[in-house]
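Close look at the chain arrangement
Here are the chains, one letter per residue:
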Amino acid sequence: MAEIRKLEVECKAKCSAEKFFSMMTRDALKLPKYAPQTIHNVQVLPGDGEVRAGSVYIWVYKLVNKPPAVTPKVKVTAVDHKNLSLTLTVIEGYLTDDYTSFSNTLTTTTQRDGNYNFLVKWSARYQKVNKEVPDPTFVMKMLEDLPRNWIPICSRNSRLRQDLIIYIDDCTKLQVCAGCLNILDI
């Protein structure tokens, strides 16, 4: 039997842990608006909007050095809304060509550093079909970059103007929403 391997990546995100977790679960359909350069489409089945064990995500996203768009299908195997963790297992798609099993767990850890950041931790557990298959570092890189590449969006779903950032001091900056001209703390 082949060895089960593990890769982990950790990064900071500039929003609340609850908001990030909500985007990956309840509001997953909005991810293409937040990361249009990477995520092209998301479907969650069943379509009632509630993410629970047994729900299925169908992703369409772009990876470096991969076909123009890849479409894996993953099943939610565990979700913990209290501790803000989510485990997804690949059931169809390009990863099944090279890995007999592949699961990914998202956990968030609140970090108080003055910017209200938190840590996002992705842990992948996988089993290669053979020894020649490389480790899936390309997937981990995409997951690590995902929160960094998000485009902030106002509560009214308007894109924020990057040219209208107001710096109050070294720790405080505000951004103006292009649609409603609200000033948002980011």
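Here we summarise the structure given alongside this text. Every chain's residues receive numbers from 1 upward, in the order its sequence appears when written. Totals for whole chains, interfaces and linings use every residue, but because this is a predicted model, local features are given only for residues with pLDDT of at least 70 and side-chain atom pairs only at 80 or more, for both listing and counting. Hydrogens and water are ignored here; the side-chain numbers use all heavy atoms of the structure.

Examining the overall build of the protein chain
Broken down by element type, the protein chain carries four helices and 10 strands. For the protein chain, the N- to C-terminal ordering of α and β elements is β-α-α-β-β-β-β-α-β-β-α-β-β-β. In the protein chain, which comprises 186 residues, the share counted as buried stands at 42%. By definition in these notes, contact holds between two residues if any of their heavy atoms fall within 4.5 Å. For the protein chain, contacts bridging at least 24 residues in sequence account for 46% of all contacts bridging at least 6. Numbered from the N terminus, helices here are DSSP runs of H or I no shorter than four residues, and strands are runs of E no shorter than two. Only protein chains enter the accessibility calculation, which uses a 1.4 Å probe; a residue is then buried when its area is under 20% of its type maximum, exposed when over 50%, and partly exposed in between.

Topic: empty space enclosed by the protein
The distinction between a cavity and a pocket rests on a 1 Å grid over the protein atoms alone: a 1.4 Å probe fits inside a cavity but cannot get out, while a pocket stays open yet meets protein on both sides within 12 Å along at least five of seven lines, and a residue with an atom within 4 Å of a point counts as lining. Grid points are joined across faces, edges and corners, and a volume is the space filled by probe spheres set on the points. For the structure on display, the rule yields one cavity of 30 Å³ or more. The computed volume of the largest cavity comes to approximately 230 Å³. Considering the residues around the largest cavity, the lining is formed by 16 residues, among which Trp59, Tyr61, Leu88, Asn104 and Leu143 are closest to the centre. When contributions to the lining of the largest cavity are tallied by element, the ones reaching two or more residues are strand S3 (56–61), strand S5 (85–92), strand S6 (99–110) and helix H4 (137–145). When residues are sorted by character, Ala, Val, Leu, Ile, Met, Phe, Trp, Tyr, Cys and Pro go into the nonpolar class, Asp, Glu, Lys and Arg into the charged class, and all the rest, Gly among them, into the polar class. Of the residues belonging to the lining of the largest cavity, the class tally is 15 nonpolar, one polar and no charged.

Here we look at the packing of aromatic side chains
Only Phe, Tyr and Trp rings take part, Trp by its six-membered ring, and two of them pair if their centres are within 6.5 Å. Stacked means planes under 30 degrees apart, edge-to-face means over 60, and tilted covers everything else. The tally for this structure, following the rule as stated, stands at six aromatic pairs. Each ring, one from Tyr61 and one from Tyr94, has its centre 6.5 Å from the other, and the planes form 75°; the classification is edge-to-face. Taken as a pair, Tyr61 in strand S3 and Tyr94 in the loop between S5 and helix H3 (95–98) lie far apart in primary sequence, 33 residues in all. Among the residues examined, Tyr61 registers a relative accessible area of 6% and is labelled buried. According to the relative accessible area criterion, Tyr94 is buried, its value standing at 17%. Each ring, one from Tyr94 and one from Phe138, has its centre 6.4 Å from the other, and the planes form 40°; the classification is tilted. Placement of the pair is Tyr94 in the loop between S5 and H3 and Phe138 in helix H4, with a sequence separation of 44 residues. With relative accessibility at 22%, the residue Phe138 sits in the partly exposed group. In textbook terms, an aromatic cluster arises when at least three aromatic residues are bridged by ring pairs, as seen for Tyr61, Tyr94 and Phe138.

Remarks on the sheet that holds strand S1 (residues 5–13)
Within a beta sheet, neighbouring strands are joined by backbone hydrogen bonds and run either parallel or antiparallel to one another. When DSSP finds two or more bridges between a pair of strands, those strands are recorded as paired. Reading across the sheet, the seven strands line up as S1-S7-S6-S5-S4-S3-S2 and stay open at both edges, with antiparallel pairing between neighbours. Of all the strands in the sheet, the pair left with one neighbour each is S1 and strand S2 (39–45). When strand polarity is set aside, the average angle formed by the axes of neighbouring strands in this sheet is 25°. By the bridge criterion, five bridges tie S5 to S6 in an arrangement that is antiparallel. Bridging from a neighbouring strand, Thr87 pairs with Thr105 of S6. Between the N-to-C directions of two axes lies an angle of 0 to 180 degrees, each axis being a line fitted to C-alpha atoms and, for a helix, fitted only over the stretch in contact.

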